[in-house]
Amino acid sequence: MKFTPLELPGVFLLEPEPFLDERGMFMRQFCRRELAEHGLEFSMCQCNISGNTKKGTLRGLHYQKAPYLEIKIVSCLKGSFFDVVVDLRPHSPTYLRHISMELSAENRKMLYIPPMMAHGFQTLEDDTTAYYQLGEFFHAEAYDGVRWNDPKLGIVWPECGKRIINERDNNYALL
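For the structure given in this document, a descriptive report is provided here. None of the values given here were measured: they were computed from a predicted structure.

Take unusual backbone geometry next. At the junction of Gly60 and Leu61, the peptide bond is cis and its omega measures out at 10° in the coordinates. In this structure, the amide linkage connecting Ala66 to the following residue, Pro67, adopts the cis form with an omega of 10°. Assignment of secondary structure puts Pro67 in the loop between strand E6 (58–64) and strand E7 (72–78). At Arg108, a residue that is not glycine, the phi angle is positive and equals roughly 60°.

As a further point, take the sheet that holds strand E13 (residues 143–145). Taken together, five strands build an open sheet; the order of strands is E9-E8-E11-E6-E13 and the sheet is antiparallel. If you trace the sheet from one side to the other, it starts and ends with strand E9 (98–104) and E13, each paired once. Neighbour-to-neighbour, the strand axes of this sheet turn through a mean angle of 30°, independent of strand direction.

Along E6, six of the seven residues are buried, which leaves the element largely enclosed by surrounding structure. Note that E6 and strand E11 (residues 117–123) share three bridges and pair antiparallel. The residue bridging Leu58 from the neighbouring strand is Gln122, located in E11. Across three bridges, the pairing between E6 and E13 is antiparallel. In the sheet register, Gln64 faces E13, and the bridge partner there is Tyr143.

What follows is about the packing of aromatic side chains. If you walk through the whole model with that rule in mind, you get six aromatic pairs. When the ring of Phe81 is compared with that of Phe121, the centres are 4.6 Å apart and the planes differ by 40°; the resulting orientation is tilted. With Phe81 in strand E8 (residues 80–87) and Phe121 in strand E11, this residue pair connects regions lying 40 residues apart in the sequence. When sorted by exposure, Phe81 lands in the same class as Phe121, which is buried. These aromatic residues form a ring-pair network of at least three members: Phe82, Trp148 and Trp157.

For the coordinates displayed, the defined rule picks out zero disulfides. Of all cysteine sulfurs in the structure, the one in Cys47 sits closest to Cys45, which takes part in no disulfide; the separation is 9.8 Å. For Cys45, a relative accessible area of 29% gives the class partly exposed.

Conventions adopted
Residues numbered from 1 in each chain as written. Predicted model: local features only at pLDDT ≥ 70, side-chain atom pairs only at ≥ 80, totals over all residues. Heavy atoms only, no water. Helix = DSSP H or I, 4+ residues; strand = E, 2+ residues; numbered from the N terminus. Pairing = 2+ DSSP bridges. Axes fitted to C-alpha atoms, helices over the stretch in contact; angles between N-to-C directions. Buried < 20%, exposed > 50% of the residue type's maximum accessible area, 1.4 Å probe, protein only. Phe/Tyr/Trp six-rings, centres within 6.5 Å; stacked < 30°, edge-to-face > 60°. Disulfide = S-S within 2.5 Å.

Below, the structure is given as structure tokens:
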């Protein structure tokens, strides 16, 4: 697997290296040893799947607060989405900055997201499936979010026609 550090400290682009033959493709999507070799600690607690029927579905920006900080590895199993990570670490040199990229079933890219980063995505096509590997259990009392369109973040989301977003995500407080 190829590991590329991104602009936000601790965030990595993970690119599996598929083995192709006459049968199709085989690739490793997760290896704790490879992560550790790159200084990334990860002990998986849960895996979640987010099925999204329509293009323009926006989920996020979500995170878990202390003491239940979570690490995420996010990938796309079907379709494609515009993925966003926001640095919420107050003492970080990249505090409130974000990165974004397309994750798709075709490009097989994944993001390793350390604690105190808000995460969200918007689907770029119908029938898109996101896959999350999580390093902490879900704790409703620690679950929180940042408004997806907060002007302080300056995120430019793709045009999509009708955006689909739930009331909670659309009403998080502005920073």
